[in-house]
Each structure stands twice: as structure tokens, then as C-alpha cells.
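What follows is the residue order along each chain.
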Amino acid sequence: MRPASDSAPSDATRLRGALAHAFGDLPPADLDALAALFEEKPVSRGTCLFSEGDAATQVFVLLAGRLRVSVGSYDTTRVIGEIGPGETVGEVGAVTGRPRSATVEAVKESLLAVCSREKFMGLAEQRPQLLMRLIGIVADRARQAERLPSTLTITIVPLSSGAHVQAFVNDLRRALEEQGRTSLLNREGAGEGGDADAHATGSGFLERLDHLSTGADHLLYFAEGRVGPFVERGITQADRIVLLADADDPPARREVEERLASWLGPVPTATHLVLLHPAGRAHPTGTARWLDERTLTAHHHARSGRADDAARVARHLTGCPVGLVLGGGGARGAGHIGVIRALQEHGVPIDTIAGTSSGAAVACQFGLTLDTALVQEENRKSFIANRPFRRLSLPWVSLVSREALDRVALDTWGDLDLADLWLPISAVSCDISQSRRVLHRRGPVWEAVRASTALPGIATPLFASQGVLVDGGVIDNVPTRELSESCGGGLVAVDIAPEEAIAVDYAHLALPSPWVLLWRRFRPWGKAPAVPTLVEVLLRSFTVASAARRAALEQEADLVLRPPLAAYGLLDFDKLDEMVAAAYADALPRVAAFKSAQQARSAGNKALAWARPSST
């Protein structure tokens, strides 16, 4: 970890040093003449230096902070890069005299050196070395497609106090260090024996932050203590903001949160809420009260003293969580339990899960318990002991009793909210009233699971505020698209839908009556006829649309597992243990190979830090 006491360059050499960095090895006389033209100018977060199409009237050198470069306007805006300390801004327009080709704005509180184009070009024409260096910078800039910052600044804003809060910050720092070099700045280090708020008001403080960031992958800024300049500077310098709170404290907004909007300005900043729980807590409760009070990018739960929970939060903050996608397939969903067990045994983290149908049910069960043995027992109780699919109804809306399915869902989940699960869970259902996919991330768990598992024709749809909801397999049976772009640490997809063709022993006109088929299926001798049942026809029919996406799984996921469960039927819930064992045995060597491949790629790749031997 970088020590917080590293000193920043002195004010006397700041501008000259920055110009030397920006313009290279110029003669001292040229540097002195150049420094005389520039004036320092502090700018607040969100300040626009110039917009695309503006006349080029000034040249800038960034002394501290960060700038963002974008093209387009309104909803077509595209970020093409970011500018760090020591880099020039606007030199292309100075040389060519053309209008600005992009918009540049401050994404952190920044300090600039500014010079008019007229003065700058006047000096450049008198100093050949300066002119040649300027032309070189313009040429280099034209070859750069993108300039992104190397250091991610994560500002932790504690909403609660206590030793467990400090302990989590330490665990988070260690988790970030597993990914890359990490600097930490807290109030004590910022004060250097004095008042941190007094130090934070000077422009030298911004340079100090940049100095701590030099060569680091992450800067962890612990904005602790009273609300003042030190906390404000941490907010205005943040790429990520973490609101850290004890889950048992009142969820009301704190004073510092009321000031966030004014401090952040128009620049959007990802804001995460981390709720700390006692180590022995079964599961979170009441999370919705915290979320309803705030506008957040994401929320996370962590148990005190659990380094693995802090590592999960770290992966989410740095954009490299490991995702798991669980597909639908009725009773075959038991195979997901075996796959998760194999992933856990090989040390592959599971940071977020998306699921459809039985995949959504297992995702929620694991998100609640983090224990595959408990998930297996819950499925035994729900589908073997209670047998809800054996309770038939007058087939007006469905074959299976609505009351039976609702009772299992309510008995299992009660009033638990999706936000109360340890992991972020996404359940997919389909609104057949508007032919659209519905993504469940908040709200009662029982409704999300009940909707996502409502097999059309078999189970009654869930009539909810989002529409008439049925099994998500109608539209996307293995919903990798929900996680493919956000899981930089890897994505594992599990497809349990049948791949084999439906076998039929009869020509259409020779098909016997249902009574004959029933007799031949259950007679003690002879082979049962190969004719699809009503349930099989319904299952295949509603997965036709999503089956077309199966080919895309290999491109969207890093590992695709297809457990050998073809011999098991849609309603073979009594074969639970067999399917768990079969999927586990099949997944174990495949997961081992995946872990080895990721480990081989992990050197220098912080997104795959979880795969390194030191982190297992």
C-alpha cells in the first residue's frame, strides 16, 4: 500500500514541472518563457472547459485532477478518453486554428494552467524546439484512439461509526491490493499531524492526491469524520462513492448525503451502498428502507470479519465481478445446485446471479443462504414433500392449482425482498400482455420466483403490476445478456434445457388414442411409446424463441456448462439428488479447466485477480 504521507511537489516547481512533463526536454530558457505565459486556474467538478465546435482560444495544461473528453451531444454523447495531470489540452486547435473537435469537462475538482492561443503560438513561432515539440504532441494525439485513467479513486463515506466500519475499510483495501497497487488516504494521513480540513482547502492537496495516484491502480479515500473540506474533496475526486453503513442503524439520510448533489455537480458518479451485518446473521432484512431513501448504482451486503464479502464488494467496485447465469428447465434446475457446488469447491467466486424459471428459483435460494446443502434441502421440502405439481386444477387457466404453487412460494419466502438477498439477483419473466421481458431486481422474492417459474399452460400466470407474467423461458431461457457486459471477472452460464430432438414412433394419422397410449406407457411388458406428452409439448413450444439464442451463449459467456440431464423429465422432482450429483460430477473437471485457464491469464490482469494462486 502507498503510504499516505508521501509529499507532493512544492508550489514553486509545480507549474514548471508540469510544463516540462507536457512539452518534454526543452531548454531552461524556453521553459521559463513558457511558464511566464500560463496562469493557474482552479475549476470545480463538472466545469466545461470548451464544447465541440467552439473556437480555439486557449491552451491548457492539467496540473491536478482529471478531465473527460467526449464527442456528440445530448443522447448521442460518447466518451473517447480522459486526461490526467501533466497532459496538455487544446493544443490541436492552437496549431490548426480549427474549431474544437471535442468537448472537455472536469470530472474531478481540478487545477489548470491556462494560456491564450495568441500568446502561446507567438512564443512557439519564436522558439523552434517548442514548435517542433508542439507538432509532435499534436501528431501523438491524432494517433491516440483513447486515453483512459490508470487510477480508480474510490471514496468511502461512512454513514455509521465503530470498529467494524474501520475493519471493513481495511478488508476492502486488502481486497483491492489483490487486484493491484492501492493507496489509502484517511483523515489522519491527510492532516500530517495537523488539521485535515485545513490541508484539504489548498490546491497542493489536489497535487498530493495525484502524487498518491501515480503508479497506483486504486486510490482509497476514507472520507471519515465531520462534514467539511476533507470530506468534500473526497467526494469531488471520486470515480466511485461507497456509502458504508451498519445495517442495524436507522436508514434515514445523513447530513453528508444531503450535500452530495451540490458537491458532485452535473457529472454522474457511480454510488454504491454497502450494508454491514453481524457475522452470524442468517440473512439481511429491511434493505428496501435504505434503498427507498437514496438513488444508487448498486447496493451490497457484507458480514463483519468476512474477507470474502469485502473481496466481492471490491470486484463490483472495479467492474470485475464474476457472474453466474442459470437457465430454465423445470425439475432439471436441481442440476444448478451441483454446478454451484463445483464452482465453490474450485474457489470460483459468485458475485451476482441471473436466472430464468427454475434457474431463478435456485439463484434466489443460493442468494439467501450461500449454502448448496440448504438449497438442496429446501427443494426437497418444496417439491418432493409438498408436491405442488401433483395438485391439479380445472384446466381453465392452468393444469396445476394456483393455490398450491402460491402456498409453496409464500411459505418459502414470506415477505422477503430481493434486496434482502446476500447477492445481487436478477430473475427474468415474460409479460404476455405486452410481449416483453420483465427483469425482477426489487420487490417480493416470492413474486419474482412465482412469475419466472409460471410454465405457460401448466402454472397460472402471476397477475402483477408489471402485467400478466409467465416463465421467462418464453423469451430468454439463459439470460446471459443481463450480465455479459458487467461481469469483467468472468461469466459462467448453465444451460439445462433439452438439446435432443423429440422422438415419435407414429405417423400422424396412425397416432393411437390417449387411452391406448396411457396403457402402453404403463403396461409391465414392452417398450413405452415414444410420443411427447402434453407437458413436453408445452415446454418445447415456449422455449422455441429462446432456443435461437443458445448459439450466442458461447460468445457471451466465458464458460458454458450443459449438465447431462436429458434423461430426466420436466417434473422429475423426486430425482433431485440424482440430478445434483450428475451435474456436480460433470461440472467438476470443466470448472477446474476454466479456473486453470483464467489463472494462466491472470498475471497483470486485475479483473482475474480472483484466479491467482495467492487469492484462493
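What counts and how
Every chain begins its residue count from 1, and numbering advances along the sequence as written. Note on the predicted model: pLDDT of at least 70 is required for a residue's local features to be given, and 80 or more for side-chain atom pairs to be given and counted; whole-chain, interface and lining totals, by contrast, use all residues. Only heavy atoms go into the side-chain values, all of them from the structure, while hydrogens and water stay out. For every residue, the pLDDT score states the predictor's confidence, bounded by 0 at the bottom and 100 at the top. Every residue pair with non-hydrogen atoms within 4.5 Å of one another is taken to be in contact. Here a strand is any run of E in DSSP of at least two residues, a helix any run of H or I of at least four, and the numbering for each starts at the N terminus. Classification of residues uses two cut-offs on accessible area relative to the type maximum, computed with a 1.4 Å probe and protein chains only: under 20% is buried, over 50% is exposed, and between them is partly exposed. Here, axes are lines fitted to C-alpha atoms. For helices the fit covers the stretch in contact, and angles between N-to-C directions go from 0 to 180 degrees. To sort the angles, those under 35 degrees are grouped as roughly parallel, those over 145 as roughly antiparallel, those from 65 to 115 as roughly perpendicular, and the leftovers as oblique. The handedness criterion is simple: a crossing whose near helix is rotated anticlockwise from the far helix by less than a right angle is left-handed, and one whose near helix is rotated clockwise is right-handed. In this classification, the charged set is Asp, Glu, Lys and Arg, the nonpolar set is Ala, Val, Leu, Ile, Met, Phe, Trp, Tyr, Cys and Pro, and all remaining amino acids, among them Gly, are polar. Here a strand pair is declared whenever DSSP counts at least two bridges between the two strands.

A word on the confidence of the model for the protein chain
Chain-level pLDDT for the protein chain is 85 on average; 83% of the residues reach the 70-or-more range. Segment residues 1-10: pLDDT under 50, and 29 contacts once partners within four positions in sequence are set aside and those in other chains are kept.

Considerations on the environment of valine 313
Here valine 313 shows up in helix H13 (residues 307-317). You can call valine 313 buried: its relative accessible area is 0%. Residues valine 313 and leucine 176, spaced 137 residues apart in sequence, show a C-alpha to C-alpha distance of 9.6 Å. Ignoring anything within four residues of it in the chain, the contact list for valine 313 reads Phe168, Leu172, Val274 and His300.

Notes on the packing of helix H14 (residues 334-345) against helix H15 (residues 358-369)
One way to put it is that H14 packs onto H15 with a least axis distance of 10 Å and a crossing angle of 45°. One element, H14, and the other, H15, form an angle in the oblique class. Here H14 runs over H15; the crossing is right-handed. For the pair formed by H14 and H15, the contact residues are His336, Ile337, Ile340 and Gln344 on the first element and Ser358, Gly359, Val362 and Phe366 on the second. In terms of residue class, the contact of H14 with H15 is built from 4 nonpolar, 4 polar and no charged.

Notes on the sheet that holds strand S10 (residues 182-185)
With parallel pairing, 6 strands are arranged side by side in an open sheet as S10-S11-S9-S12-S13-S14. At either margin of the open sheet sits one strand with a lone partner, and together these are S10 and strand S14 (298-303). Along the sheet, successive strands turn relative to each other by an average axial angle of 20°, direction set aside. As judged from the 7 bridges shared by strand S12 (residues 240-246) and strand S13 (residues 270-277), these two strands associate in the parallel manner. Its bridge partner lying in S13, valine 242 is registered against histidine 272. Against the sheet, helix H10 (residues 229-236) touches strand S9 (152-158), strand S11 (218-222) and S12, its axis set at about 150° to S11.

Structural notes on unusual backbone geometry
Most peptide bonds are trans, and most residues other than glycine sit at a negative phi. Backbone geometry at serine 357 places phi at a positive 55°, although glycine is not the residue there. Mapped onto the secondary structure, serine 357 falls in the loop between strand S16 (352-356) and H15. Classification of serine 357 by relative accessible area gives buried; the value is 4%. Even without being glycine, leucine 370 reaches a positive phi, approximately 60°.

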